[in-house]
Amino acid sequence: MKLLLCLLTCIVFSAPAFSQSVFSVVRKSNKLATAFKPIVISRSVSVPSAQLPLATRVCMARMQGTLSSPEKLSIRLNTIISTAQIETQFAIPRLNRPENIYGGYNYLRTMTKLSLKLPNNVEKAYQETWQKINLTRTYNGAHHIVNKTTLEEIFLRMKEQARARSEEFNVNLSEMQNNAPAIFHRLHGNPQFNHIFHNRERQLQIYYRSGMKAVIEDFFEQVNMVAEESGGLILQVPQSVIEGTYLEAELWCKTFNLRWE
């Protein structure tokens, strides 16, 4: 538990001037913890003032449905340097369908590992599923919706373009990849569906034509089409998860200077 708390505290979604998210534990459950005594997380987001409406929507969406009481949100403006700081608190989620959780890659991996440490925090029907997920980082683990290799190619081109214009380039590739939008999905790792989960060329083509939002839209359209064709064997990704992913992804794009749309 101590290691997980340390990892959680160190999840820093950052760019040189602003941070997409910094998460830290503000209230820890005791040994008798239940779903009604959750671990409560504080999220700090620092953005240019112009991005305040988007960042507020992102934070509020994360707080909706939280078990923490009362919900907390505070906003501080620095008019001198035109920045905004948003602080929110929300509870570690109770786990059910893996596809019901959204967020950045590091958030999904660390938050769910921490959540699994809480007694009675996994719905009975999904306990075996989450045990399998927790055993691996690859086949059943959190999946980068935008592949790491896709992001590396975009990063290298951005760096080359900045050099050609004699501009400073301070985007960190590892931070970009670790905080990229991610999902848990039962078809991830199945070779039959590699064209959906690992298709670098398709993603690059869509990104340079229409932006990152279109890449993510294409992914959800493909996995939901497979779900529809399965006759109920595979469930579709919930609309709430899709919409939440779009919000987080847009803030991520604007943090790391990626094209959104």
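Everything that follows concerns the structure shown earlier in this document.
My aim in this report is to walk through the structure given alongside it, one point at a time. (Residues numbered from 1 in each chain as written. Predicted model: local features only at pLDDT ≥ 70, side-chain atom pairs only at ≥ 80, totals over all residues. Heavy atoms only, no water.)

### Brief notes about the sheet that holds strand 7 (residues 143-144)
As summarised here, the arrangement of the three strands in space is 6-8-7, forming an open sheet in which the pairing is antiparallel. The sheet terminates laterally at strand 6 (103-104) and strand 7, the two strands that pair on one side only. Relative to strand 8 (residues 181-183), strand 7 runs antiparallel, the two being bridged by two bridges. Each bridged residue has a counterpart across the sheet, and for H144 the counterpart in strand 8 is A182. (Pairing = 2+ DSSP bridges. Helix = DSSP H or I, 4+ residues; strand = E, 2+ residues; numbered from the N terminus.)

### Regarding a nonpolar patch on the surface
There is a patch of nonpolar side chains on the surface, built from M60, L73, I75 and L77 and spanning about 340 Å² of accessible area. Of all the elements, strand 4 (residues 72-78) adds the most residues to the nonpolar patch, at three residues. Position of L77 relative to the elements: it lies in strand 4. (Patch = residues over 30% accessible without salt bridge, like charges linked within 9 Å, V, L, I, M, F, W, Y side chains within 5 Å. Areas by Shrake-Rupley, 256 points an atom, 1.4 Å probe, with all protein chains shown as cover. Salt bridge = Lys/Arg side-chain N within 4 Å of Asp/Glu carboxyl O.)

### Side note on the pairing of strand 4
With seven bridges connecting them, strand 4 and strand 5 (residues 83-91) associate as antiparallel partners. Opposite N78, over in strand 5, you have T83 as the bridge partner. Between strand 4 and strand 5, which pair antiparallel one after the other, the connecting turn spans four residues, and S82 there sits at a positive phi close to 55 degrees.

### Focus: the pairing of strand 3 (residues 40-48)
Across the nine residues of strand 3, eight count as buried, placing the element largely inside the fold. Where strand 3 lies against strand 5, nine bridges are found, and the strand directions are antiparallel. Note on strand 5: the bridge partner recorded for V40 is A91. (Buried < 20%, exposed > 50% of the residue type's maximum accessible area, 1.4 Å probe, protein only.)

### Remarks on unusual backbone geometry
Notably, S82 is not glycine yet its phi reads approximately 55 degrees, a positive angle. Secondary-structure assignment places S82 in the loop between strand 4 and strand 5. Its identity is not glycine, yet N257 carries a phi of approximately 60 degrees, on the positive side. Counting through the fold element by element, N257 comes out in the segment after helix 10 (239-255).

### With respect to the packing of aromatic side chains
Considering all chains together, one arrives at six aromatic pairs under this definition. Summarising the aromatic geometry, the rings of F197 and F219 are spaced 5.6 Å apart at their centres and angled 80 degrees between planes, so their arrangement reads as edge-to-face. Here the residue F197 occupies a position in helix 7 (residues 194-197), and F219 occupies one in helix 9 (residues 212-229), the gap between them amounting to 22 residues. Here F197 and F219 have matching classes, each one buried. Following the ring pairs from residue to residue traces out a cluster consisting of F197, F219, F220 and Y246. Residue placement shows R157 over the ring face of Y208; its charged tip is 4.1 Å from the ring centre. In this structure, K213 is placed above the aromatic ring of Y246, and the distance from its NZ or CZ to the ring centre is 5.8 Å. (Phe/Tyr/Trp six-rings, centres within 6.5 Å; stacked < 30°, edge-to-face > 60°. Lys NZ or Arg CZ within 6 Å of the ring centre and 35° of its normal.)

### Digging into the packing of helix 9 against helix 10
Axis separation between helix 9 and helix 10 bottoms out at 10 Å; the angle between their running directions is 155 degrees. In terms of orientation, helix 9 and helix 10 fall into the roughly antiparallel class. Handedness of the crossing formed by helix 9 with helix 10: right-handed. In this structure, helix 9 contributes M212, K213, I216, E217, F220 and N224 to the contact, and helix 10 contributes I242, T245, Y246, A249, W252 and C253. (Axes fitted to C-alpha atoms, helices over the stretch in contact; angles between N-to-C directions. Parallel < 35°, antiparallel > 145°, perpendicular 65-115°, else oblique. Left-handed = near helix turned anticlockwise from the far one by under 90°. Contact = heavy atoms within 4.5 Å.)

### Overview of the environment of Q131
Within the element layout of this structure, Q131 appears in helix 4 (residues 127-134). Along the primary structure Q131 and L116 are separated by 15 residues, whereas in three dimensions their C-alpha atoms are 8.6 Å apart.

That is the geometry; function is a separate question.
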